Amino acid sequence: MQQLEYFAPGNLGEALDILSRGGVRPVAGGTDFYPGLPAGGPRESVLDLTRIAGLHGITRQDKGWRIGAATRWSDVVRADLPPGFDGLRAAAREVGSIQIQNAGTVAGNLVNASPAADGVPPLLTLGAEVEIASAQGRRVVPLDRFITGVREVDLAPGEMVVALHLPEPPEGARGAFSKLGSRAYLVISIVMVAVVIGRDGAGRIDHARVAVGACSPVARRLPALEAALLGTRGDVAVTAEHLAPLSPIDDVRGSGAYRLEAVGELIGRAVRGACDG
Amino acid sequence: MFRLNGRDVRVEPRVGERLSEALRERLGARDVKVGCNAGDCGACTVLVDRAPVCACLMPAQQAAGCEVETLAGLVAHEPLASDLARRFEGQGAAQCGICTPGMMVSAVALLREAPAPSEGQVMDALAGVLCRCTGYRKIVDAVMGRAPGAVADAEGHTGAAIEKLDGRAKVTGKERFGDDVAPVDALIIKVIRSPHPHARFTLGDLEGFAAREGVEAILTASDVPGVNLFGTIPGFVDQPVFAEGVVRFRGEAVAAVVGRADVMASFDPARFPVEWEVLPDVQGMADAMADGAPQLHPDRAGNVMCGGFVAHGDVGAALERAAVVAEGVFETGFVEHAYIEPEAGFAQVVDGRVEVYACTQAPVMDLDTLSEVLGMERARIRVVPTATGGGFGSKLDVSVQPYLAIAALKTGQPVRITYERGESMQSTTKRHPSRMHVRIGADAEGRISGLRFDGLFNTGAYASWGPTVANRVPVHASGPYAVGDYRAEAQGIHTHCPPSGAFRGFGVPQAAVAQESLFDELADRLGIDRLEFRMRNALANGVPTVCGQVFAQGVGIRACLEALRPAWESERAEAARINAGDGPVRRGVGVAAGWYGCGNTSLPNPSTIKAGVRADGRIVLHQGAADIGQGANTVIAQIFATALGVPVSRLDLVGGDTDVTPDAGKTSASRQTFVSGNAARLAGEALRAQILQRVNAGEEALIVPGADAFEIREGAGVHRLDLTALEPDAEGYVMRVAESYDPPTRPLDENGQGHPYAQFGYAAHLCVLDVDMRLGTVRPVRFVAAHDVGHAVNPLLIEGQVEGGIAQGMGMALMEEYLPGRTENLHDYLIPTIGDMPPVETLIIEEPDAHGPYGAKGLGEHVLIPTAPAILNAIRDATGVQMRRLPVTPARLRAAMGVAGHA
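Quantities reported herein were computed from a predicted structural model and do not represent experimental measurements.

Caption draft 1: Expanded view of the overall build of chain B. Across its full length, chain B carries 23 helices and 33 strands. For 903 residues, the compact-globule estimate of 2.2 N^0.38 gives 29 Å, and chain B sits close to it at 27 Å. Overall size of chain B, expressed as C-alpha extent along the three principal axes, is 80 × 75 × 60 Å. The proportion of buried residues among the 903 residues of chain B is 66%.

Caption draft 2: Here's a closer look at the side chain of Asn102 of chain A. Residue position: Asn102 of chain A is located in the loop between α4 (98-101) and α5 (106-112). Judged by relative accessible area, which is 12%, Asn102 of chain A ranks as buried. In this view, Asn102 of chain A contacts Arg72 and Ser74 of chain A together with Ala51, Pro52 and Val53 of chain B; residues no more than four positions away in its chain are not counted.

Caption draft 3: Spotlight on the pairing of strand β13 (residues 324-332) of chain B. Residues and elements named next belong to chain B. Residues Val324, Ala326, Gly328, Phe330 and Thr332 point to one face of β13 and are all buried, whereas Val325, Glu327, Val329 and Glu331, pointing to the other face, are not buried. Across 9 bridges, β13 lies against strand β20 (residues 434-442) in antiparallel orientation. Counted as the bridge partner of Phe330 is Met436 from β20.

Caption draft 4: Structural detail: the pattern of salt bridges. Under the counting rule described, the total for this entry stands at 83 salt bridges over all chains. For Asp268 of chain B, the salt bridge is made with Arg43 of chain A, and the minimal N-O distance between the two is 2.9 Å. With Asp268 of chain B in the loop between α9 (261-264) and β11 (274-278) and Arg43 of chain A in the loop between β2 (24-27) and β3 (45-48), this pair bridges two chains. With a relative accessible area of 43%, Arg43 of chain A lands in the partly exposed category. Among the ionic pairs, Glu175 of chain B bridges to Lys170 of chain B, the shortest N-O distance being 2.9 Å. Judged by its relative accessible area of 16%, Glu175 of chain B is buried.

Caption draft 5: The arrangement of the pairing of strand β22 (residues 486-494) of chain B in detail. Residues and elements named next belong to chain B. Sheet analysis places strand β12 (residues 304-312) next to β22, joined by 8 bridges and oriented antiparallel. Residue pairing for β22: Val304 is matched across the bridge by Ile493. Taking the sense of rotation as the criterion, the β-α-β connection linking strand β21 (residues 448-460), helix α15 (residues 466-476) and β22 turns out right-handed.

Caption draft 6: Main features of the sheet that holds β2 of chain A. All names here are of chain A. Read across the sheet, 3 strands follow the order β1-β3-β2 without closing on themselves; strand pairing throughout is parallel. The sheet terminates laterally at β1 (6-7) and β2, the two strands that pair on one side only. Bridge count for β2 against β3 is 4 bridges, and the pairing is parallel. Looking at the pairing, Val27 lines up with Asp48 of β3.

Caption draft 7: Structural context of the packing of helix α3 (residues 79-91) of chain B against helix α4 (residues 100-113) of chain B. Residue and element names in this part refer to chain B. With their axes 10 Å apart at the nearest point, α3 and α4 run at an angle of 130° to one another. One way to sum up the angle between α3 and α4 is to call them oblique. With respect to the hand of their crossing, α3 and α4 are arranged in right-handed fashion. Contacts between α3 and α4 involve Leu80, Ala81, Leu84, Ala85, Arg87 and Phe88 from the first element and Thr100, Met103, Met104, Ala107, Val108, Leu111 and Arg112 from the second. When the residues that make up the contact of α3 with α4 are grouped by side-chain class, the tally is 10 nonpolar, 1 polar and 2 charged.

Caption draft 8: Focus on the interface of chain A and chain B. The interface is formed by 46 residues belonging to chain A together with 55 residues belonging to chain B. A buried area of about 3800 Å², summed over both sides, lies between chain A and chain B, and 60% of it is on carbon and sulfur atoms. Together, Tyr34, Gln99 and Arg183 of chain A form the three largest contributors to the area buried by chain A at its contact with chain B, with a combined 20%. Linking chain A to chain B there are 5 salt bridges. Linking Arg894 of chain B and Glu261 of chain A is a salt bridge whose minimum nitrogen-to-oxygen distance equals 2.6 Å. Connecting chain A to chain B are 18 residue pairs in polar contact (both at pLDDT 80 or more). Elements that contribute at least two residues to the side of chain A that touches chain B include exactly β3, α4 and α9 (256-276) of chain A. With 6 residues, the single largest contributor to the side of chain A that touches chain B is α9 of chain A. A breakdown of the residues in the side of chain A that touches chain B according to their chemical character gives 23 nonpolar, 12 polar and 11 charged.

Caption draft 9: Layout of the sheet that holds strand β28 (residues 709-714) of chain B. Residue and element names in this part refer to chain B. One open sheet holds the 3 strands; their spatial order is β27-β28-β29, and the pairing between them is antiparallel. Looking at the sheet topology across the chains shown, the edges are occupied by β27 (702-705) and β29 (717-722). Strand-to-strand twist across the sheet, computed as the mean angle between neighbouring axes with direction ignored, equals 25°. One ladder, built from 4 bridges, connects β27 with β28; its direction is antiparallel. Bridge assignment links Pro705 to a residue of β28, and that residue is Phe710.

Caption draft 10: Representation of the state of the cysteines. All names here are of chain B. Within the structure shown, the criterion is met by 0 disulfides over all chains. As a non-bridged cysteine, Cys66 has Cys44 as the owner of its nearest cysteine sulfur, 16 Å distant. With no disulfide of its own, Cys96 has Cys133 as its nearest cysteine by sulfur position, at a separation of 3.7 Å. By relative accessible area, Cys96 is classed as buried at 4%.

Caption draft 11: Helix α19 (residues 632-644) of chain B, seen in detail. Residues and elements named next belong to chain B. The first and last C-alpha atoms of α19 sit 18 Å apart over 13 residues, in line with the 18 Å expected at 1.5 Å per residue. Across the 13 residues of α19, 13 count as buried, placing the element largely inside the fold. Note on α19: the residue one or two positions beyond its end, Gly645, has a positive phi of about 85°.

Caption draft 12: Region of interest: the side chain of Lys857 of chain B. Residues and elements named next belong to chain B. If you trace the backbone, Lys857 turns up in the loop between β33 (840-845) and α22 (867-879). Residue class for Lys857 comes out buried when judged on its relative accessible area of 3%. Here Glu847 takes part through its backbone oxygen, which lies 3.0 Å from a polar atom of the side chain of Lys857.

Caption draft 13: Here's a closer look at the nonpolar core. One finds Phe88, Val143 and Phe453 of chain B to be the most contacted residues of the largest nonpolar core, which totals 169 residues. Ranked by the residues each element gives to this core, the list is headed by helix α16 (residues 508-526) of chain B, at 9 residues. The contacts of Phe88 of chain B, once residues within four sequence positions are left out, are Ala93, Ala94, Thr100, Met103, Met104, Ile139, Ala142, Val143 and Val171 of chain B. Membership of the second largest hydrophobic core comes to 81 residues, among which are Val27, Ile100 and Ala219 of chain A together with Val9 of chain B.

Caption draft 14: Focus on helix α17 (residues 530-537) of chain B. Residue and element names in this part refer to chain B. Of all 8 residues in α17, 6 are buried; the element is thus mostly enclosed. Here the buried face of α17 lies against β20, β21, α16, α18 (557-579), β23 (585-597) and α22. A distance of 3.0 Å separates the backbone nitrogen of Leu531 from a side-chain oxygen at the start of α17, and that oxygen is part of Asp529.

Caption draft 15: Here's a closer look at unusual backbone geometry. Residues and elements named next belong to chain B. A cis amide bond links Leu886 to the next residue, Pro887, at an omega of -10°. One can find Pro887 in the loop between α22 and α23 (890-899). The phi torsion at Asn37 lies on the positive side, around 55°, for a residue other than glycine. Along the chain, Asn37 turns up in the loop between α1 (19-26) and β3 (45-48). Exposure remark for Asn37: the relative accessible area of 29% places this residue in the partly exposed category. Of note in this structure, Arg50 is not a glycine but carries a positive phi near 75°. Along the chain, Arg50 falls in the loop between β3 and β4 (51-54).

Caption draft 16: Structural detail: the environment of Leu180 of chain A. Its location among the elements puts Leu180 of chain A in strand β11 (residues 174-180). With 140 residues separating them in the primary sequence, Leu180 of chain A and Gly40 of chain A have C-alpha atoms 36 Å apart. Aside from chain neighbours lying at most four places away, what touches Leu180 of chain A is Ser189, Ile190, Val191, Tyr258, Ala262 and Leu266 of chain A together with Leu775 and Thr777 of chain B.

Conventions and cut-offs
- Residues numbered from 1 in each chain as written.
- Chains lettered and ligands numbered in written order.
- Predicted model: local features only at pLDDT ≥ 70, side-chain atom pairs only at ≥ 80, totals over all residues.
- Heavy atoms only, no water.
- Helix = DSSP H or I, 4+ residues; strand = E, 2+ residues; numbered from the N terminus.
- Rg over C-alpha atoms; globule rule 2.2 N^0.38 Å.
- Buried < 20%, exposed > 50% of the residue type's maximum accessible area, 1.4 Å probe, protein only.
- Contact = heavy atoms within 4.5 Å.
- Pairing = 2+ DSSP bridges.
- Salt bridge = Lys/Arg side-chain N within 4 Å of Asp/Glu carboxyl O.
- Right-handed = clockwise from strand over helix to strand, strands pointing away.
- Axes fitted to C-alpha atoms, helices over the stretch in contact; angles between N-to-C directions.
- Parallel < 35°, antiparallel > 145°, perpendicular 65-115°, else oblique.
- Left-handed = near helix turned anticlockwise from the far one by under 90°.
- Nonpolar A, V, L, I, M, F, W, Y, C, P; charged D, E, K, R; others polar.
- Buried area = accessible area lost by both parts, 1.4 Å probe.
- Polar contact = N/O pair within 3.5 Å; in protein donor to acceptor, adjacent residues only side chain to side chain.
- Disulfide = S-S within 2.5 Å.
- Expected span 1.5 Å × (residues − 1).
- Core = buried A, V, L, I, M, F, W, Y, C linked by side-chain atoms within 4.5 Å.

Spelled out as structure tokens, the structure:
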């Protein structure tokens, strides 16, 4: 058996070099790596991403915000962000537990590509784009195209996520996030809903983003509902047509039919909450 | 390469090594507990640069340059943490203690930032740590610094709410659980398990495999020196240590591999040479009972393991004449014990004897089993219980013990094993799933007129404690009520599922769900208040039970129900006020009762308690009743100290080491306070008599123990008993006693008539909850729990039992369902978290029992029996829907509400 190595490079160039040679598994918070570890331990060397300069933190940029790939969820909780990010911050507080939030990273949540990833719906409502780097160069992919299926992402060998880029939400827009589970904490969602709602001076919705997780292989935005919300005060009845992008399954947490019913209710509450606030 | 509790440490972990492993195995920090290795339970929480993280999810290399703090270091160095330790003790916030390090470390991180946190802050901060014993409320109280529940009491006799005598080790990280006792160089055992519920298998070239892998030994059925079977009930010892040719459930053991730690770190069981031929399996009871179903055991036709039966009066005629009859089929699923400590232990061979150190509820039963499995005389086996990180019934059965003993004997070296969480969940016992068809009649005045119970219980692949469930349920399915006309039958059905065994209540909690739900329906149809309906039917002194047993005293159910009345009235009024609004949340209030017979059903279950006095004045209590967190170490000592007449603080406790401590029976059936407590009372009285006799003092004399001598004061006179003048025996005791107690019972006849138990305990719970009518989510708001304990030996520990039992009952009602192959971890199998547990008001009722020590009754299982039905009744109160399948998940409740027209 080959000798496994533990790499903990301090800069991105070195990390991408190691990655380009293959046979390594990038690890940051370890919160998905260890639960998925096969019996007998890792088969690949480990590339620890947590010591790479520039991969941490949330910074304001010309056209919006940058979240470094290795930014931990607890950093998101503590960050000083406009109300449009309230949904993302609320989701951050519900990623596992404080222990998980202190270790797990934003990019890790995306790359793990669970249908129930807490971070994905709010990031979809914020129009997140994923910056990917390899030894060959960089590219940027919208989040809704980056996650391609259950446990599937658009990453080629040698590539890694280095940051998320989010446009500035409209002035005054408010985000909200709601996660439904069978217990109070430490729960994998039955469904979850994220919204960002902006309103004009008359209180009518002029910006609507609605995304739903755990109801389809990849969390989805609901464009028809977003369109229907525009110009209203939020009192829109959620219809089956609005929920057409969703394809919830029956599993141990709940039936597909229940999921659709609950999504409609939660969206209504989240939108009303964002409008009343 | 990092700092651990203030000192520089250097380790060279392998790639993939978790920080938790490096801390425990390389740096000796075994105060860091591992419960799941998946970030689901939080027991391994440590602070890394002051932030709480799960050490099981952090590569050890990632700690380089960091400051790592664990419970032991925090308590030793930081006043905030040592204060918190005192508060945990004062609240009884540590029961078994396995989650305590994770809880306390998380709390220290919070308290450093927020010295006076709100309850919400405490919950947010501690939510990542699961506890299965306490129900969390006392932990919240401790972190918030609320007034302690414990009292300072110099004597600490029965009735005093003293702190646990063994609590200090639990709050300082010093407690040693099953995985904490092995030397670091012990060989590691890994069990090879079936991935299929039913399959034939053939083992391949084991010698070649062992050589290729570099392991020390491989164990299979052919290595079992004695009988390759274990079990708990005579006549039902049917589970192989290693399967022979065929497996009957997913997770069944077929072999074990024993190797050095470094070799086993990269061992992959998938490489093990075994060929499977998958066979048809049955998972549900209907399938198992169908014609042509595969048979699990040739001598158990139709996959029926056995049944239990109780009949009294004429149920058919009574139901015929009843004014109203309520009827329903109720179903419950597998419930996993989910103690935070996976099964673990260590064994070694010393002078030709095998010594097994493991977590357990029943050290002497473990020894009995090992004697059979090893084909070895009992004198050559020593079982030493470690601290047990929760049991709740499942650690009554052996798990790791046979593997440890066989491996130690085969290799001649120290060996250890710790189950992975998934392995623990796959292979150890569960609460029986049930399907219960129940009919109950009542006359126009609301008196029960006939109760018929027909229950099937999925006992899985092997018997374990299934026969006990089959026998207990018919005795208890009436609830604590006067039911003159009664017929109850229960059967255990084999399936290709993990064995169902003992879990707090032995089937009685399931039966109570059906009976108590139908009671509400009857009350409503008769227009009688639901609490009043129960009062009208409650058992009383002098009224026969369904077994025809009549208790002249100690029947406390009426007092329990009566104690709930103020809350019942005020909470119902409050609910009516809330429900007059038009929000999506409706409030419900539910009540339910329960009873439970303490000790074995019509079978002997003696306990023996031994004590001795050393020449230096030490009084040693050999306390063999396994303390799995419930508090036997404290309660038994309090009873003994009371009987002897010395302060409890004067006792030195010795645990259940089978070499030195006699059999106090198993920690099950709510029997330790009652049965071992009586043995302790007798032992205390005997030692007292011996001491008084030596100085010829009267019965009222006061014993004042000192070093080397006891003073015995009688009126104005003082006798001095010089202990150094007495001849010590081989154990160094100058005086010794050993006393036994076995509860008086009488066998049940063919109709289940007789005296199954010498005492019952009684309980009634009230639950207040909110239902989100549009989402189907249920949020308990408050519990009031009245328990007749006969005599409260330690009120603080009683509260702890009640709160913890309610948490488990709540889990069973609302979220817990073990599905073999699907929920074999602690994120798909959900147990309540700190945020799920509302306040509990415990009302202690003391109707003294004629047989209990100082009138005391058992409690451990009673605490869970009324909880689930009280929740179901509150849900029905809020929604009008009677839920007949547990758990009541939001999806199921919404579906039922849709059927009922509430959509």
